[in-house]
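# Overview (structure and organization)
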Amino acid sequence: MREAERGARAVLDPVHFDYLAGGAGEERTLTDNEEAFARRRVVPRVLRGPGGTDLTTDLCGVRLAAPVVVAPTAFHRLAHPDGEAATARGVRAAGGLLTVSTMSTVAVEDVAATGATTWFQLYVQPDRAFTAALVARAEAAGCRALVLTVDSPVRGRHARDARHGFTDLPAGLVCENLRDADGRVRDLVVDPDLGWDAVAWLRATTTLPVLVKGVLHPADARLAVEHGVDGVVVSNHGGRQLDGAVSSLDALPGVVAAVDGRVPVLLDGGVRRGVDVLVALATGADAVMVGRPVLWGLAQGGADGVRSVLTELVDELAHAMALVGAHRPRDLTPDLVTVP
Ligand SMILES: Cc1cc2nc3c(=O)[nH]c(=O)nc-3n(C[C@H](O)[C@H](O)[C@H](O)COP(=O)(O)O)c2cc1C
Ligand SMILES: O=C(O)C(=O)c1ccccc1
């Protein structure tokens, strides 16, 4: 287990730690997300001359200091009393971008009020009027894109949570984005009947860019582009949905080939070090998302912990790029990565 995760485990309620850290089933996919990166080796180029390192990345209308985005994760107040507001302050200090979960424990308006650049992750609800109102809230709050999660027609089965009997948030914590107009908090429904028409519906509901998150199959990547999405996130939900699903990194080349440069491709799952970001970009991703490491930073140090996790990751990326002779993300090409 890595340092940050160990530190978080030391400060968190073990039940909450296991909720955040855990995956579905035997956690094969959770483990494989990281091991897939560990299987790769980099073949550096040398004597690439002057040019420095510039990580600036334009993504769906947002200019990022580096191709690293914070993945949407639920329930940050399990990790820190200030929850997503602290995460957002840390992200802002690092010059990053936070994807606010539908299941955040601080209202999207209050997260956005920190001044951090944000996207909003959406679980489309069977009640489309309620969903449209939620999208309108995110848009009014200043979120710059919607990230439609498509890998959760049913909830993943998390053995650690079952063992602990963890089913509900502790008293005092609620999903602030699921409040009705009258203030009552609704239950989340993951809609088993969601289809591609949901993308068209969302397009008609908002002017924001729409990314789909949770694509692994190249045919779905092609369908996503055909349905007019603005980006595709290759993800198995951090190994929390289908245990046995392919690792994100192993799924990436197929999706990149299918998308064929028409929209940006992001990857999440198992990104832990700067060299992992480098490998993902060289394999064809335009950016990565990071989930759990941000939660470990939040648990240990609040906003400052989040800032330090993100700045360390980006600093490692810049260092690794210098060592492979890449000045810009676009210099990272597939020939730089091998599976020995
Ligand atoms: C505790 C936790 C909660 C999550 N909640 C959400 C969520 O609300 N919506 C969503 O689309 N993905 C959610 N995810 C998945 C993440 O967005 C992301 O796909 C995953 O964490 C990436 O893997 P990593 O943790 O290895 O970086 C969650 C992940 C974790 C660990
Ligand atoms: O835990 C998760 O991964 C997640 O996405 C989720 C879904 C519904 C409710 C809470 C979290």
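The structure contained in this document is the topic of the report that follows. (Residues numbered from 1 in each chain as written. Chains lettered and ligands numbered in written order. Predicted model: local features only at pLDDT ≥ 70, side-chain atom pairs only at ≥ 80, totals over all residues. Heavy atoms only, no water.)

With that out of the way, let us pick up the pattern of salt bridges. The full count for this structure, using the stated rule, is 19 salt bridges. When the shortest N-O distance is used, the salt bridge between Glu27 and Arg160 registers 2.9 Å. Of the two residues, Glu27 is situated in the loop between α2 (14-21) and α3 (28-39) and Arg160 in helix α7 (residues 159-164); the sequence distance between them amounts to 133 residues. Residue Arg39 is joined to Asp250 by a salt bridge in which the shortest nitrogen-to-oxygen separation is 2.7 Å. With a gap of 211 residues between them, Arg39 in helix α3 and Asp250 in helix α10 (residues 248-259) connect regions that are remote in the sequence. Residue classification places Arg39 among the partly exposed residues on the basis of a relative accessible area of 33%. The network of salt bridges with shared partners includes Asp32, Arg39, Arg40 and Asp250. (Salt bridge = Lys/Arg side-chain N within 4 Å of Asp/Glu carboxyl O. Helix = DSSP H or I, 4+ residues; strand = E, 2+ residues; numbered from the N terminus. Buried < 20%, exposed > 50% of the residue type's maximum accessible area, 1.4 Å probe, protein only.)

So, on to the site of ligand 1. Taken together, 23 residues lie near ligand 1, and Pro72, Ser101, Thr149, Asp268 and Arg272 sit nearest. Interatomic distance of 3.2 Å between a side-chain N/O atom of Tyr123 and a nitrogen atom of ligand 1. Measuring from an oxygen atom of ligand 1, one finds a side-chain N or O atom of Asp268 at 2.8 Å. Among the elements of the structure, α2 and α12 (292-324) are those that each provide at least two residues to the shell around ligand 1. Along the lines of polarity and charge, the residues of the shell around ligand 1 split into eight nonpolar, ten polar and five charged. (Near = heavy atom within 4 Å. Polar contact = N/O pair within 3.5 Å; in protein donor to acceptor, adjacent residues only side chain to side chain. Nonpolar A, V, L, I, M, F, W, Y, C, P; charged D, E, K, R; others polar.)

Let us now look at the nonpolar core. Taken as a class, soluble globular proteins show a tendency for nonpolar side chains to be buried jointly. The biggest cluster of nonpolar side chains holds 91 residues, and the ones touching the most others in it are Phe120, Val232, Leu267 and Leu332. Looking at this core, the element that brings in the most residues is α12, giving twelve residues. With residues up to four places along the chain from it excluded, the contact list for Val232 reads Val212, Val215, Ala224, Val255, Val259, Val263, Pro264, Val265 and Leu266. By size, the runner-up hydrophobic cluster in this structure holds 15 residues, among which are Ala71, Ala145, Val147 and Leu266. (Core = buried A, V, L, I, M, F, W, Y, C linked by side-chain atoms within 4.5 Å. Contact = heavy atoms within 4.5 Å.)

Neighbouring residues of ligand 2: Tyr19, Ala74, Phe75, Met103, Tyr123, Arg155, Leu188, His237 and Arg240. One of the side-chain nitrogen or oxygen atoms of Tyr19 is found 2.8 Å away from an oxygen atom of ligand 2. Between an oxygen atom of ligand 2 and a side-chain N or O atom of His237, the distance comes to 2.8 Å. A total of 290 Å² of accessible area belongs to ligand 2 in isolation, and the protein chains cover 89% of it. The residue makeup of the shell around ligand 2, split by class, is six nonpolar, one polar and two charged. (Areas by Shrake-Rupley, 256 points an atom, 1.4 Å probe, with all protein chains shown as cover.)

On to the packing of aromatic side chains. Throughout the structure, instances matching the rule amount to three aromatic pairs. Ring geometry for Phe17 against Trp296: centres 5.2 Å apart, planes inclined by 25°, an arrangement best described as stacked. Note that Phe17 is positioned in helix α2 and Trp296 in helix α12, a separation of 279 residues in sequence. Judged by its relative accessible area of 1%, Phe17 falls in the buried class. With a centroid separation of 5.6 Å and 35° between ring planes, the pair formed by Tyr19 and Phe75 is classed as tilted. In this pair, Tyr19 sits in helix α2 while Phe75 sits in the loop between β4 (68-70) and α4 (83-93), placing the two residues 56 residues apart along the sequence. One exposure class covers both Tyr19 and Phe75, and it is buried. Grouped by ring-pair contacts, the aromatic residues Tyr19, Phe75 and Phe166 constitute a single cluster. When the ring centre of Trp201 is taken as origin, the NZ or CZ atom of Arg128, which lies over that ring, is 5.1 Å away. (Phe/Tyr/Trp six-rings, centres within 6.5 Å; stacked < 30°, edge-to-face > 60°. Lys NZ or Arg CZ within 6 Å of the ring centre and 35° of its normal.)

Here we take up the environment of Ala198. Within the secondary structure layout, Ala198 lies in helix α8 (residues 197-205). Owing to a relative accessible area of 1%, Ala198 belongs among the buried residues under this scheme. Each C-alpha atom of the pair Ala198 and Glu3 lies 41 Å from the other, and the pair is 195 residues apart in sequence.

What follows deals with α2. Of all eight residues that make up α2, six are buried, and the element is covered over most of its length. Here α2 has its buried residues at His16, Phe17, Asp18, Tyr19, Leu20 and Ala21. Packing partners of the buried residues in α2 comprise α1 (3-11), α3, α7 and α12. Between the side-chain oxygen of the N-cap and the backbone nitrogen of Val15 there are 2.8 Å, and the N-cap of α2 in question is Asp13.

Scope: geometric values only; no functional claims are made or implied.
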